[in-house]
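Close look at the chain arrangement
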Amino acid sequence: MKKITMGIVAHVDAGKTTLSEGLLYKADNIRTLGRVDNGDAFLDTDALEKARGITIFSHEAKLMTDNSDITLLDTPGHVDFAFQTEEILSVLDYAILVISASDGVTNYTKTLWNLLKRHNVPVFIFVNKMDTVGANKVQVLDDIQTNLSQNSVDFSKIDDNFYENIAASDDELLEKYLNDNRIEDTDIQDLIEKRKVFPIYFGSALKLTGISEFLTSLDQWTKETDLGKDFAARCFKITHDKNGERLTWLRVLGGELKAKSELNHEKVNQLRVYNGEKFTTVASIGASEIVAATGLTKTYPGEGFNTSDALNATLKPVLTYRVNFEPDDLHACLNALKTLEDENPQLHVTWSEHLQEMHVQVMGKIQLEILEQLLKERFNLEVDFDQGNILYKETIIDSIEAVGHFEPLRHYAEVHLLLEPGEKNSGVVFENKCNLEVLTKNWQHQIMTALKSKEHLGVLTGMPITDLKITLISGKGSIVHSVGGDFREATYRAVRQGLMELKSQNKLQLLEPWYDFHLEVSQDQVGRAMNDIQRMHGNFDNPENIGDRVIIIGSAPVSEMQDYAAEVRSYTHGDGNLEYVVKGYLPCHNTQKIIEKMAYDPVSDLENTPNSVFCSHGAGHTVTWDKVPEKVQYPYSYR
């Protein structure tokens, strides 16, 4: 039996969970066929999922076929929970992308496709709901090949035309086919695994049409990943069971994991293999298997064990909300949210002692509603949320050598950093190019640790900095006076000093999140829609007419569009439809207004000061950021 880990992803309402149910039923892995709308689907086990009829959390099931032992990971379909889907991708051998025949390739389908490409996951495409009125196989196939990949091939009919399409996807295989007029199954398996071919199947999951054929094809066209003998694993999810036990979900990428063994200096108490809600405990688990481990308290999604950590998530929250709670519930609420943040690190729960306020970051309002219900059902807490603010970010558009100096009496450290613009959506990247003759290995380690241990804030609005590369280039220490913490202080001050210099040169940029949107209205409402988009500082392609409907595709700032869905429902009397997904961060359309509104003073932010401390006449004194270049005690490298 080949062991395969396969995820199933889709746009909301494409029928992803229904397909999972059909696959499990046809493979005789479940005895009765559940339905999402009846609340008895095998994989939608949570009460919130049953009530809403959507998948909110990822779930696992065992899918046994004639030749394969498949671990099937069902993922959320709503865009607000896309971060959970992305966490899963780093442990997949293959993915099944479900597309609704009636909806075709949506904006969110394209987002999922790009994520699968980024994580290099081979993809099988299942076009669902082919039984709906107006479903057209040729039209859907053309839509997929145009908007996803030209190498998406119809696998439902194997004939000469099929083999010609397969051969056309790879130059070497084409030459072989022209010479021998033959393509082996292993050739096709290799092309699928290398993402050079994407098989397409058609059917109706609800009516079990095409499911058996799809199962047979998964057996035929997948191949087991060759994993090493040395132990390696990756965490892709954190949850808590009904008793509050913390579960670390791992995929073993090599070797074997045993109960009672250690991972990063913590002991694994129990290993659980889940199938839906039920689990069995095992003494050990081998390569390619999925397991939930108890006893680990410091793990996080994406963490690698004897392998590199997964790529940084590309889908991140863009809205921040204030949590309203009863005063007596402060600690209970903070502890509950910290537990949920453990499961979803992107929740970014913060408590401001100064403002006596608690904040969370989310993708959208559906996630916020679920968060409110989770706090009530799991923790018996009644909370609500104030209107959210946009999560802005800052970046730099030029390079600077930044310096921080920390020298109160009997302390000494000076740090020189090179700040450079980073690639789009790269976050903050760190590098060390300092010579060991300049700073010892221990001091360099202290500096790099300090850089990575803090979220660095910009100086325009105090929002997080992004798309920035920070390189350690030089510095100075004292064998007599440099002690633990000195280089940390100098490092933090150096980052801020460089940002302040760039601010004085007008070389900083405020960024805001944008949506990609897909708006569908009737012919008589298109003028109103286009005026609204222009008013929101958005842009769009030429509207597309489909019968008496018009489709407008474009992008707009989240700050302007976040409440527009309700407006569309109102002026179209429920007939219009607006879909959007986060595009990423772009230059802010009203920078000066936002800066004035936030009124952030970087010099008064004492926890993130840009000023340095120098020693003279036996005492430390503050030197403002703009005077630091005159006082440095190690020469500049790039100035």
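Scroll up to find the structure this text is about.
First, a word on scope: everything that follows refers to the structure included in this document. Remember, predicted model here, so these are calculated numbers, not experimental data. (Residues numbered from 1 in each chain as written. Predicted model: local features only at pLDDT ≥ 70, side-chain atom pairs only at ≥ 80, totals over all residues. Heavy atoms only, no water.)

Along the backbone of the protein there are 18 helices and 34 strands. Dimensions of the protein along its principal axes, counting C-alpha atoms only, are 85 × 65 × 65 Å. Buried positions account for 54% of the 639 residues belonging to the protein. Long-range pairs, those at least 24 residues apart, make up 73% of the contacts in the protein between residues at least 6 apart in sequence. As presented, the protein carries roughly 29400 Å² of accessible surface, and 46% of it is formed by carbon and sulfur atoms. Taking the average place of the 64 positive charges on the side chains of the protein and the average place of its 95 negative ones, the gap between the two points comes to 4 Å. (Helix = DSSP H or I, 4+ residues; strand = E, 2+ residues; numbered from the N terminus. Buried < 20%, exposed > 50% of the residue type's maximum accessible area, 1.4 Å probe, protein only. Contact = heavy atoms within 4.5 Å. Areas by Shrake-Rupley, 256 points an atom, 1.4 Å probe, with all protein chains shown as cover. Lys, Arg positive; Asp, Glu negative; His and termini not counted. Charge placed at Lys NZ, Arg CZ, Asp CG, Glu CD.)

Take the pattern of salt bridges next. Applying the stated criterion to the full structure yields 34 salt bridges. Notably, a salt bridge pairs Glu289 with Lys3, separated by 3.1 Å at the nearest N-O pair. Here Lys3 lies in strand 1 (residues 2-10) and Glu289 lies in the loop between strand 15 (284-286) and strand 16 (290-294), a separation of 286 residues in the sequence. One connected set of salt bridges, linked through shared partners, spans Lys3, Lys62, Asp69 and Glu289. (Salt bridge = Lys/Arg side-chain N within 4 Å of Asp/Glu carboxyl O.)

It is worth spelling out the sheet that holds strand 6 (residues 152-154) at this point. The strand order 2-3-1-4-5-7-6 describes an open sheet built from 7 strands, whose pairing is mixed. The sheet is open, and its two borders are formed by strand 2 (59-64) and strand 6, each paired with just one other strand. Adjacent strand axes in the sheet meet at a mean angle of 25° when their direction is disregarded. Relative to strand 3 (residues 68-74), strand 1 runs parallel, the two being bridged by 7 bridges. From the neighbouring strand, Lys3 faces strand 3, where its bridge partner is Asp69. Across the face of the sheet, helix 4 (residues 107-118) comes into contact with strand 1, strand 4 (94-100), strand 5 (123-128) and strand 7 (198-202) while running at roughly 170° to strand 4. (Pairing = 2+ DSSP bridges. Axes fitted to C-alpha atoms, helices over the stretch in contact; angles between N-to-C directions.)

This next bit is on helix 11 (residues 365-379). Taking 1.5 Å of rise per residue, 15 residues should cover 21 Å, and helix 11 covers 20 Å from first to last C-alpha, within 8% of that figure. Every buried residue belonging to helix 11 is among Gln367, Leu368, Ile370, Leu371, Leu374 and Leu375, and all of these are buried. For helix 11, the buried positions fall inside an angular range of 160° around the axis, keeping them on one side. (Expected span 1.5 Å × (residues − 1). Arc of directions from axis to C-beta.)

Okay, the environment of Val568 next. Relative to the helices and strands, Val568 resides in helix 16 (residues 564-571). Classification of Val568 by relative accessible area gives buried; the value is 1%. Through-space distance from the C-alpha of Val568 to that of Glu60 is 37 Å; in sequence the pair is 508 residues apart. Leaving out residues up to four positions away in the same chain, Val568 has contacts with Leu519, Gly576, Asn577 and Leu578.

With respect to the element layout, Ala205 can be found in the loop between strand 7 and helix 9 (211-221). Here the alpha-carbon distance between Ala205 and Thr18, two residues 187 residues apart in the chain, equals 5.9 Å. Not counting residues within four places of it along the chain, the set of residues in contact with Ala205 comprises Gly15, Thr18, Leu19, Asn128 and Ile211.

So, about the pairing of strand 25 (residues 413-421). In regular strands, side chains alternate between the two faces of the sheet. Within strand 25, 7 of the 9 residues are buried, leaving the element largely enclosed by the surrounding structure. As defined by bridge partners, strand 24 (residues 400-406) adjoins strand 25 across 7 bridges and the pair is classed as antiparallel. Looking across to strand 25, one finds that Ile400 is bridged to Leu419. Where strand 24 folds back on strand 25, the antiparallel hairpin that results is connected by 6 residues, among which Arg410 adopts a positive phi of roughly 70°. Bridge analysis of strand 25 against strand 27 (residues 468-477) gives 9 bridges, and the strand direction is antiparallel. Within strand 27, the residue paired with Glu414 across the bridge is Lys476.

Note that all results are geometric; they support no functional claim without further evidence.
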